[in-house]
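Next come the chains, spelled out residue by residue.
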Amino acid sequence: MGLRQAAEHHLPGLTLAALRFARANDPTFPTSAAKRGTELLYSVHDLKKWARNRPRAPTGTTDLD
C-alpha cells in the first residue's frame, strides 16, 4: 500500500506530509515492501506498528525559553 492510501484509510491523525517527512528523517520508519512504478509500497501492519510506537513530544512542552 502506498503512503497516500495508508494516510487516508489506515492511519487517522497522520497526514501524507507527516508520513513523507518520517520516511525521509526517521530511522525507525519501516522499509518498503515492494515498488509499483515509482511508488514505494509498504506493509499496512508495519506502518500501523510504527505509528503506534513512534515517539511523541510530551504535552505541555511549548516553552521557548
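In what follows, the structure referred to is the one given above.
Residues numbered from 1 in each chain as written. Predicted model: local features only at pLDDT ≥ 70, side-chain atom pairs only at ≥ 80, totals over all residues. Heavy atoms only, no water.

Considerations on the pattern of salt bridges
Then, number 1: Applying the stated criterion to the full structure yields one salt bridge.
Then, number 2: A salt bridge links arginine 36 to glutamate 39; the shortest N-O distance between them is 3.0 Å.
Then, number 3: With a relative accessible area of 48%, arginine 36 lands in the partly exposed category. (Salt bridge = Lys/Arg side-chain N within 4 Å of Asp/Glu carboxyl O. Buried < 20%, exposed > 50% of the residue type's maximum accessible area, 1.4 Å probe, protein only.)

So, the environment of threonine 28
Then, number 1: Tracing the backbone shows threonine 28 in the loop between helix 2 (16–25) and strand 1 (34–36).
Then, number 2: Assessed through its relative accessible area of 56%, threonine 28 is described here as exposed.
Then, number 3: As for threonine 28 and asparagine 53, which are separated by 25 residues in sequence, their C-alpha atoms are 9.6 Å apart.
Then, number 4: Only 2.7 Å separates the side chain of threonine 28 from the side chain of aspartate 26, close enough to count as a polar contact. (Helix = DSSP H or I, 4+ residues; strand = E, 2+ residues; numbered from the N terminus. Polar contact = N/O pair within 3.5 Å; in protein donor to acceptor, adjacent residues only side chain to side chain.)

Brief notes about the nonpolar core
Then, number 1: If you look at the biggest cluster of nonpolar residues, it comprises 13 residues, and the most contacted ones within it are Leu3, Leu11, Leu14, Leu19, Phe29, Leu47 and Trp50.
Then, number 2: Within the residue set of this core, elements represented by two or more residues are helix 1 (3–10), helix 2 and helix 3 (44–53).
Then, number 3: Excluding anything up to four places from it in sequence, leucine 14 contacts Ala7, Leu19, Trp50, Ala51 and Arg54. (Core = buried A, V, L, I, M, F, W, Y, C linked by side-chain atoms within 4.5 Å. Contact = heavy atoms within 4.5 Å.)

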